[in-house]
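Observations on the three-dimensional arrangement
Residue strings, one per chain:
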Amino acid sequence: IYRDFRGVRVPSPFLISVVISLGIIEALETLQVPNLAVKWPNDILSCDQKVGGILIENFYSKGDLKAAVIGIGLNVSQDTFDHAPFAASIKQLSGRYWSVTEVLEGLLPFLENALYAEDFNESKFLLDRYQSKLWKRNKRTSFLEAGEIIAATPLGVTLEGKLILELEENQVVEKDTQQIKMLYRD
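Keep in mind that this is a model prediction, so the values were computed, not measured.

About the cut-offs
Residues numbered from 1 in each chain as written. Predicted model: local features only at pLDDT ≥ 70, side-chain atom pairs only at ≥ 80, totals over all residues. Heavy atoms only, no water. Buried < 20%, exposed > 50% of the residue type's maximum accessible area, 1.4 Å probe, protein only. Helix = DSSP H or I, 4+ residues; strand = E, 2+ residues; numbered from the N terminus. Contact = heavy atoms within 4.5 Å. Pairing = 2+ DSSP bridges. pLDDT = per-residue confidence, 0-100. Axes fitted to C-alpha atoms, helices over the stretch in contact; angles between N-to-C directions. Phe/Tyr/Trp six-rings, centres within 6.5 Å; stacked < 30°, edge-to-face > 60°. Core = buried A, V, L, I, M, F, W, Y, C linked by side-chain atoms within 4.5 Å. Salt bridge = Lys/Arg side-chain N within 4 Å of Asp/Glu carboxyl O.

1. Digging into helix α4 (residues 123-132)
Burial in α4 covers these residues: S123, L126, L127, R129, Y130 and Q131. Structurally, α4 contributes buried residues whose contacts are with α1 (14-30), β2 (36-39) and β7 (148-157).

Set out below in structure tokens:
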């Protein structure tokens, strides 16, 4: 998917990931994929298993966002994931075979709405919606930081895409993807 952002004010490039994540979740809900969530920063989960991911490359000119190329990968009908123990397919989780065409046709209207109809200036509203789908929000979970496993509670995300974590009681920090990685285990 390609979106030209010339003339569109986007307060933070992370909002592109936010609206795409929400669009995917809304589309998958219509396909009756259960218990959907976003694993920060860019994985789509169902029943605590990864069903997809998002990669976005933003293009700037003179400091302004000009365009974004958005790649989405979804596990549609694969039956086994030998080297990915936390992965699953839409077929496995919905109990129904889906063709790639069916999934794409179901996905495109939601993605178009996310990219062209969402008001990127409504950043608080968009972040609130994203955070309502944030996996393990307000639950103690495991992270990898500087080669060590730590426990922390994800509280939300910032407009810049940093994860807000409570490390210990009343010790709240913000971390980016270069500093910390969210793990699948508790």
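What follows continues from the structure just given.
2. Some thoughts on the sheet that holds strand β6 (residues 141-145)
Ordered in space as β9-β8-β7-β6-β10, the five strands form an open sheet in which the pairing is antiparallel. Single-partner strands in this sheet number two, and they are β9 (171-175) and β10 (181-182). Sheet topology note: the β6/β7 ladder contains five bridges and is antiparallel. Bridge pairing in β7 links S142 to A151.

3. Points about the confidence of the model for the chain
When pLDDT is averaged across the chain, the result is 92; 99% of the residues are at 70 or more. Averaged pLDDT values for the elements of the chain fall to 76 in strand β1 (residues 2-4) and rise to 98 in β2.

4. A word on the sheet that holds β1
Judged by pairing direction, the sheet is antiparallel, and its five strands sit side by side in the order β1-β5-β4-β3-β2 without closing on themselves. Both outer strands of the open sheet, β1 and β2, are each paired with one neighbouring strand and no more. Strand-to-strand twist across the sheet, computed as the mean angle between neighbouring axes with direction ignored, equals 20°. The pairing of strand β4 (residues 49-61) with strand β5 (residues 64-74) spans 10 bridges and is classified as antiparallel.

5. Regarding the packing of aromatic side chains
Within the structure shown, the criterion is met by four aromatic pairs. Summarising the aromatic geometry, the rings of F14 and Y130 are spaced 5.5 Å apart at their centres and angled 80° between planes, so their arrangement reads as edge-to-face. Highlighted residues: F14 in helix α1 and Y130 in helix α4, separated in sequence by 116 residues. Here F14 matches Y130 in class, with each residue buried. Their ring planes at 5° and their centres at 4.8 Å tell us that F86 and Y184 sit as a pair that is stacked.

6. A look at the nonpolar core
Formed by 52 residues in total, the largest nonpolar core has its most connected members in I20, L28 and I44. The element contributing the most residues to this core is α1, with 11 residues. What L28 contacts, discounting residues up to four positions off in sequence, is V33, L36, I44, V51, L74 and I90.

7. Comments concerning the pattern of salt bridges
Counted by the stated rule, this structure contains nine salt bridges. The closest approach of N and O atoms between D43 and K50, which form a salt bridge, is 3.3 Å. The class for D43 is buried, based on a relative accessible area of 10%. Of the charged contacts in the structure, one is a salt bridge between E102 and R96, with a shortest N-O distance of 3.0 Å. Exposure remark for E102: the relative accessible area of 30% places this residue in the partly exposed category.

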